[in-house]
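If you want the building blocks of each chain, they are given just below.
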Amino acid sequence: MGAPSTAATADTPTRPKRGVPAADRALARPRRRLLAAAAALVALVAVGASSLLDLRTPTPRPADAPTGEFSAARAFEDVQVIAARPHAAGSPANDQVRAHLEQRLRGLGLETEVQDTVAPEAGELSGAAGGTALARVRNVVARLPGTDPTGRVFLVSHYDSVQTGPGGNDAAAGTAAVLEVARALSVGPRPRNDIVFVLTDAEEACLCGAVAFSASHPLAADGGVVLNLEARGSTGPVIMFETSQDNAKLVDVFSRAAPHPVGTSFAVEIYRALPNDTDFTAFLDQKFVGLNSAYIDGGAVYHTPLDTPAAVNQGSLQQHGDNALGLAREFGSTDLTALRAGDDATYFPVPGGLVRYPGWLTLPLALLAVLAVAALGWLTRRQGRASTGRLAAGFGLALVPIVAAPAAAQLLWLAIRAIRPGYAQLLDPYRPIWYRMAVLALAAAILFTWYALTRRRVGPAALAFGGLAWLAVFGVLLAVAVPGGAYLTTLPALAGGIAGLVALRTRQTGPWPVVATTVAAAVGVIILLPTVTLLFPALGMAKGGVAALVAVLLGLTALPVVDLLHPQAGGQRGLVALRARRLAVVPAMAAALAAVVLAGVGLVVDRLDADHPAPTHLMYALDAGTGQARWLSREPDPQPWTDGYVGGFTSVEDDFPGLGKAKLRTGPAPVTNLPAPKVDVLADSTSGTERTLRLRLTPQRPARLATLHVDTSTATVLRAEVAGRPVPMEPRKGKWGFGLVFHALPPEGFEVTLTVSPKGGPVVVRAMDASDGLDALPGFRPRPPDVGIVGSHRSDMLAVARTYPL
Ligand SMILES: [Zn+2]
């Protein structure tokens, strides 16, 4: 029963004590309060469910779908051909894939050609792979000419795979989607603008195919709109995660023309923090505009032997194709000359579409949210619901769950990793759903516990204010530093502030406070729940704390609803209050229990076995000059299988500069008689202080790549040219101050012209080549079925190096 004569919510000595307001009085009845809580929670669950349902992939269309539509089943037939086996750039398997693509595009009646050239890596990539990268590339390019072109639309995906796997998702799915879109467009009315289909080579090695096309193909000379299709996993919604600068008009078209538009301006910021790159980078370097889309869930198979056609989720494939076809039609018919106008838009998915607003609104909205929350604080104090001291305490205390939940999520993952060391090299577990839910339950447990502990001392009003105040502050910080992500906290803070004001003003009018605060919480759910859902696959469980942080922010927007699960503040005395308080710990206990149970279920369900192996990383490196051979691994904490080959960390940079600067674990390996690449001097001339050497590096065995480094204590490299093109000069630290990596190496090797300033003696160079597969090596024991291969560009690589004084 209520006790209307007390007002223990706040300590306001300067103001006369008030009775509990009428609406609050209504809610003081435990049964009514519980009813209000149930209604609010049902509403929030419904809103959350509809926003998650909206992230589902569409139903794949069958092979007999109408010819003007995209059919995942038709595209999948090409996926099976393209991803029949690993087909790294330069390999015979890749030649077969290219022949298939040419035949398919020609079969559609499109002007088709192969751009065959040597190209450097994209400008923004550092020479992390051991030196400046180049590759021989063969892009497949086809054109559907427009009737009255205002520009060109480019549909891009890459057809090469990594050496470790067949690339069913990455990017046979994207390539096959481009083919199916080309088919659908070629049967319809001719578009106004040129549509160019670009299937690039050597994306995995160095994005070199995209560089070759965007920088030097005649069709690319005038730029245009690029739609790049990628995958960094095997399933989940296709996310439009990257755009060119000043994207307002592009995002408009995206929301209008993509049938399943999932994208957020926050993703661009997240993506920049990840060590991935796609062909899109090369196009941006050349001032194209465009959109970059990928599906990213199911990351465990990324770049591994498990990335087979069978691993492709056909719903994701359908979404990729539906969006690409819709966008190609729209960009194909609009005036492309005016796309770069406007600034960067803020955009995010809501049930039924994409909300977007211009970037200039970001900061004003963030300040408005601060104002709304400040007004709420002022009114809270004025109405005697909390003193200034309590408001300050609420603000300070709200930081506790914001810090504790991410920390606890990281600790939970450390504990799971300790129980299951096989997770060490996985991007994400094979079946991560249970762990994700455990993290969310843990965040909820922390929030509920914190709330139950602080509520009686500080009061619900001050805590609600404190949570919203942090959201508003984050909104301003984000607006300044990460504008595309500011909406995440600005809009919930604004909604919460306004709802709080409404609740305080309408306290005499029955259900309105509950309705207002529930609506505000629903805004939080709509904006933050998809973010939580997409952050898990984007960052993997190793960074689950980020999702936990966003989950807690969501929880803070819903504190007034959470409060309904507690007894009326100060409204009860004696046994009833005690019982109600006991009841209030139920949510915290339930969430904590759920976290433990869900983590346990995860460990039981996601066992590592032959179908879900623990990945390992091993390489073999032979110094043909000294006759020393080593096993190498990049695993920081080696799996038992790898432990049989390697011990402690060593720098192998002096002997194998082509393997980069990272320290690797090494162990002695049996010496083989594999030949090092030959370096022949084709021409040698000196003019003044400059010596020009024309060299040919020829592999003596089939190799995927070769590297050439110059000891810069013997000569300073002034210029270098490969295949008649200047090599971008990227000075390296250490003994080998100049280096280049040539991918997709032809059997005849490559020619390089070095212009150097010698320092007295001979110019010392080191040549290395690398092939794939360790099976034929003495001392190599094949992996047991439950041991897999790390999805890396150097897994199972076999390198042979030698020094030549010239
Ligand atoms: Zn890839």
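Residues numbered from 1 in each chain as written. Predicted model: local features only at pLDDT ≥ 70, side-chain atom pairs only at ≥ 80, totals over all residues. Heavy atoms only, no water.

A.B. asks: Go over the overall build of the protein with me, naming the residues and quoting the values.
C.D. replies: Scanning the protein from N- to C-terminus turns up 21 helices and 24 strands. A compact globule built from 806 residues should have a C-alpha radius of gyration of about 28 Å, and the protein, at 30 Å, falls within 12% of that. Summarising its shape, the C-alpha atoms of the protein cover approximately 100 × 65 × 55 Å along the three principal directions. When burial is assessed residue by residue, the protein has 59% of its 806 residues classed as buried. Charged side chains in the protein number 71 positive and 63 negative. The centres of these two groups are separated by 15 Å. (Helix = DSSP H or I, 4+ residues; strand = E, 2+ residues; numbered from the N terminus. Rg over C-alpha atoms; globule rule 2.2 N^0.38 Å. Buried < 20%, exposed > 50% of the residue type's maximum accessible area, 1.4 Å probe, protein only. Lys, Arg positive; Asp, Glu negative; His and termini not counted. Charge placed at Lys NZ, Arg CZ, Asp CG, Glu CD.)

A.B. asks: How would you explain the packing of helix α14 (residues 433–458) against helix α17 (residues 512–539) if you had to name every residue and give the values?
C.D. replies: In contact at an axis separation of 11 Å, α14 and α17 are set at 130° when each is read in the N-to-C sense. It follows from the interaxial angle that α14 and α17 lie oblique. As for how α14 packs across α17, the hand of that crossing is right-handed. Contacts between α14 and α17 involve R436, V439 and L440 from the former and V532, F536 and P537 from the latter. Taken together, the residues that form the contact of α14 with α17 break down as five nonpolar, no polar and one charged. (Axes fitted to C-alpha atoms, helices over the stretch in contact; angles between N-to-C directions. Parallel < 35°, antiparallel > 145°, perpendicular 65-115°, else oblique. Left-handed = near helix turned anticlockwise from the far one by under 90°. Contact = heavy atoms within 4.5 Å. Nonpolar A, V, L, I, M, F, W, Y, C, P; charged D, E, K, R; others polar.)

A.B. asks: Report on a nonpolar patch on the surface, specifying residues and quantitative values.
C.D. replies: A surface patch of nonpolar side chains, about 280 Å² in accessible area, is lined by L363, L367 and V480. Among the structural elements, V480 can be located in helix α15 (residues 460–481). With a relative accessible area of 63%, V480 lands in the exposed category. (Patch = residues over 30% accessible without salt bridge, like charges linked within 9 Å, V, L, I, M, F, W, Y side chains within 5 Å. Areas by Shrake-Rupley, 256 points an atom, 1.4 Å probe, with all protein chains shown as cover. Salt bridge = Lys/Arg side-chain N within 4 Å of Asp/Glu carboxyl O.)

A.B. asks: Give me the lowdown on empty space enclosed by the protein, citing residues and values where you can.
C.D. replies: Counting across every chain of the model gives one cavity of 30 Å³ or more. Here the largest cavity defines a volume of roughly 70 Å³. In this structure, the largest cavity is lined by L227, N228, L229, V238, L291, S293, H320, N323, A324 and L327. Elements that contribute at least two residues to the lining of the largest cavity include exactly β5 (225–231), β7 (289–297) and α11 (314–333). Among the elements that make up the lining of the largest cavity, the one with the highest residue count is α11 (four residues). (1 Å grid on protein atoms, 1.4 Å probe; cavity = no way out; pocket = protein on both sides within 12 Å on 5 of 7 lines; lining within 4 Å. Points joined across faces, edges and corners; volume = space filled by probe spheres on them.)

A.B. asks: Report on the confidence of the model for the protein, specifying residues and quantitative values.
C.D. replies: Overall, the prediction assigns the protein a mean pLDDT of 92, with 94% of residues at 70 or greater. This stretch, residues 1–23, has a pLDDT under 50; its non-local contacts, to residues over four places away or in other chains, come to 45 contacts. (pLDDT = per-residue confidence, 0-100.)

A.B. asks: Tell me about the side chain of T616, residues and numbers included.
C.D. replies: Along the chain, the position of T616 falls in strand β10 (residues 614–616). Judged by its relative accessible area of 0%, T616 is buried. A distance of 2.9 Å separates polar atoms of two side chains, one belonging to T616 and the other to R783. With residues up to four places along the chain from it excluded, the contact list for T616 reads E635, Q639, W641, T642, R783, V787, G788, I789 and V790. (Polar contact = N/O pair within 3.5 Å; in protein donor to acceptor, adjacent residues only side chain to side chain.)

A.B. asks: Residue-level account of the nonpolar core, with values.
C.D. replies: Counting 95 residues, the largest nonpolar core has I416, W450, Y487 and L556 as its most contacted members. Per element, the largest residue contribution to this core is 13 residues, and it comes from α17. Of all hydrophobic cores here, the second largest spans 60 residues; its members include L101, A182, A248 and L336. (Core = buried A, V, L, I, M, F, W, Y, C linked by side-chain atoms within 4.5 Å.)

A.B. asks: Could you give me a rundown of the pairing of strand β22 (residues 764–772), with the residues and numbers involved?
C.D. replies: Burial within β22 is extensive, with eight of its nine residues counted as buried. The pairing of strand β17 (residues 705–711) with β22 spans six bridges and is antiparallel. Counterpart to H709 in the pairing with β22 is R766. Here β22 runs beside strand β24 (residues 797–805); their pairing, made up of nine bridges, is antiparallel. Each residue of the ladder has a partner; that of M768, found in β24, is A801. (Pairing = 2+ DSSP bridges.)

A.B. asks: Report on the sheet that holds strand β15 (residues 678–687), specifying residues and quantitative values.
C.D. replies: Taken together, the five strands give an open sheet; going across it, the order is β15-β16-β21-β18-β19, and neighbouring strands pair in antiparallel fashion. The two strands at the open ends of the sheet, each matched to only one other strand, are β15 and β19 (725–726). The pairing of strand β18 (residues 715–722) with β19 spans two bridges and is classified as antiparallel. Its bridge partner being in β19, V722 is matched across the sheet by R725.

A.B. asks: Please provide a residue-by-residue account of the pattern of salt bridges, values included.
C.D. replies: Counting across every chain of the model gives 31 salt bridges. For D563, the salt bridge is made with R33, and the minimal N-O distance between the two is 2.9 Å. Highlighted residues: D563 in helix α19 (residues 559–563) and R33 in helix α2 (residues 30–53), separated in sequence by 530 residues. Across the pair, R33 and D563 agree in class, each one buried. Where D769 meets R701, a salt bridge forms, and the shortest distance between an N and an O atom there is 3.1 Å. With D769 in strand β22 and R701 in the loop between β16 (690–698) and β17, this pair connects stretches of sequence that are 68 residues apart. Across the pair, exposure class does not vary: D769 and R701 are buried alike. When salt bridges with common partners are traced through the structure, they connect E111, R143, R152 and D194 into a single cluster.

A.B. asks: Lay out the layout of surface pockets in plain terms, naming residues and giving numbers.
C.D. replies: Where empty space is left becomes clear once a probe the size of a water molecule has been rolled over the atoms. As a volume, the second largest pocket reaches approximately 1200 Å³. Of all elements in the fold, only α2, β6 (235–243), β7, α14, α17, α18 (544–557) and α19 reach the threshold of two or more residues within the lining of the second largest pocket. Among the elements that make up the lining of the second largest pocket, the one with the highest residue count is α14 (eight residues). Classifying every residue of the lining of the second largest pocket by side-chain character gives 29 nonpolar, seven polar and three charged.

A.B. asks: A description of the coordination of the zinc ion should follow, citing residues and the corresponding values.
C.D. replies: The protein atoms that coordinate the zinc ion are D170 (OD), E204 (OE), E204 (OE) and H303 (NE2), at distances spanning 1.9 to 2.6 Å. Coordination at the zinc ion is irregular: its four donor atoms span angles of 56 to 141° at the metal. On the primary sequence, the residues serving as donors to the zinc ion are separated as D-x33-E-x98-H. Here E204 lies in helix α6 (residues 203–206) and D170 lies in helix α5 (residues 168–187), a separation of 34 residues in the sequence. (Donors = N, O, S within 2.8 Å, 3.2 Å for Na, K, Ca; no water. Tetrahedral: all angles 85-135°; square planar, octahedral: opposite > 155°, others 65-115°.)

A.B. asks: Describe the packing of aromatic side chains, listing the residues and the values that go with them.
C.D. replies: For the structure on display, the rule yields 19 aromatic pairs. Both rings, one in F154 and one in F213, keep their centres 5.7 Å apart while their planes meet at 70°; by these two values the pair is edge-to-face. Here F154 is found in strand β3 (residues 152–158), whereas its partner F213 is found in helix α7 (residues 208–216), with 59 residues between them in sequence. Here F154 falls in the buried class, since its relative accessible area comes to 0%. Each ring, one from W641 and one from Y645, has its centre 5.0 Å from the other, and the planes form 55°; the classification is tilted. Of the two residues examined, W641 and Y645, each falls in the buried class. One aromatic cluster is present, formed by Y620, W631, W641, Y645 and F780 through successive ring pairs. Positioned above the aromatic ring of F656, the side-chain terminus of R766 is 5.8 Å from the ring centre. (Phe/Tyr/Trp six-rings, centres within 6.5 Å; stacked < 30°, edge-to-face > 60°. Lys NZ or Arg CZ within 6 Å of the ring centre and 35° of its normal.)

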